[in-house]
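Overview (structure and organization)
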Amino acid sequence: MIIIKPIVLETTLSLPLALDGISAGFPSPAQDFIDVPIDLNKELIKNPTSTFFGRVAGDSMKNAGIDNGDLLVIDKSIRPRDGMIAVCFLDGEFIMKQIQIVDDGCWLIAANEQYPPVKVGADNTFEIWGIVKHVIKSF
């Protein structure tokens, strides 16, 4: 299940950005001064009128690094392609799965072996609602 919320772009918050990146290997010297601002709205939202936030509820995508409670940035303007992670409206409920497009329809694939693939058929009410562009995690 996904809880969908519209975005609000009326506010901006410029935060400092470490220009040289953050080393994930060996330590690097700390910068004495960081003055390049970054606005996360501009970084994460390319199509404001078609972008929404969603909060993940469940663990079906955990092996893709998407966990319960993560915040999703979902863009409805992106054309779905095979292998993308999508928020779908299936039989009255929002769900998130990897889409596998085949000649006779679509499969929804979880990233957790406890959840079987779902074949979308003619008897389902189905729409690929939007494509997941970013996952924001809290630790």
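This report concerns the structure included in the present document. (Residues numbered from 1 in each chain as written. Predicted model: local features only at pLDDT ≥ 70, side-chain atom pairs only at ≥ 80, totals over all residues. Heavy atoms only, no water.)

All right, on to the overall build of the protein chain then. A tally of helices and strands in the protein chain yields one helix and ten strands. The order of α-helices and β-strands along the protein chain, N terminus first, is β-β-β-α-β-β-β-β-β-β-β. Of the contacts made within the protein chain by residues no fewer than 6 positions apart, 57% connect residues no fewer than 24 positions apart. Accessible surface for the protein chain amounts to roughly 9,300 Å². Of this, 56% is attributable to carbon and sulfur atoms. (Helix = DSSP H or I, 4+ residues; strand = E, 2+ residues; numbered from the N terminus. Contact = heavy atoms within 4.5 Å. Areas by Shrake-Rupley, 256 points an atom, 1.4 Å probe, with all protein chains shown as cover.)

Residue position: F89 is located in strand β6 (residues 85-90). When the C-alpha atoms of F89 and W129 are compared, they prove to be 6.2 Å apart, with 40 residues separating the residues in sequence.

Take the pattern of salt bridges next. All told, the structure shown has three salt bridges when counted by the stated rule. The partner of K137 in a salt bridge is D70, with the nearest N and O atoms 2.5 Å apart. Of this pair, K137 sits in the segment after β10 (126-136) while D70 sits in the loop between β4 (51-56) and β5 (71-75), and the two are 67 residues apart along the sequence. Three or more residues are tied together by salt bridges with common partners; here these are D67, D70 and K137. (Salt bridge = Lys/Arg side-chain N within 4 Å of Asp/Glu carboxyl O.)

Each aromatic ring pair is summarised here by two numbers: the centre-to-centre distance and the angle between the ring planes. Across all of its chains, the model carries three aromatic pairs by this definition. Ring geometry for F94 and W129: centres 5.2 Å apart, planes at 75°, overall edge-to-face. Here F94 is found in strand β7 (residues 93-102), whereas its partner W129 is found in strand β10, with 35 residues between them in sequence. Judged by its relative accessible area of 11%, W129 falls in the buried class. Connected via pairs of aromatic rings, a cluster forms that spans F52, F89, F94 and W129. When the ring centre of Y115 is taken as origin, the NZ or CZ atom of K97, which lies over that ring, is 5.8 Å away. (Phe/Tyr/Trp six-rings, centres within 6.5 Å; stacked < 30°, edge-to-face > 60°. Buried < 20%, exposed > 50% of the residue type's maximum accessible area, 1.4 Å probe, protein only. Lys NZ or Arg CZ within 6 Å of the ring centre and 35° of its normal.)

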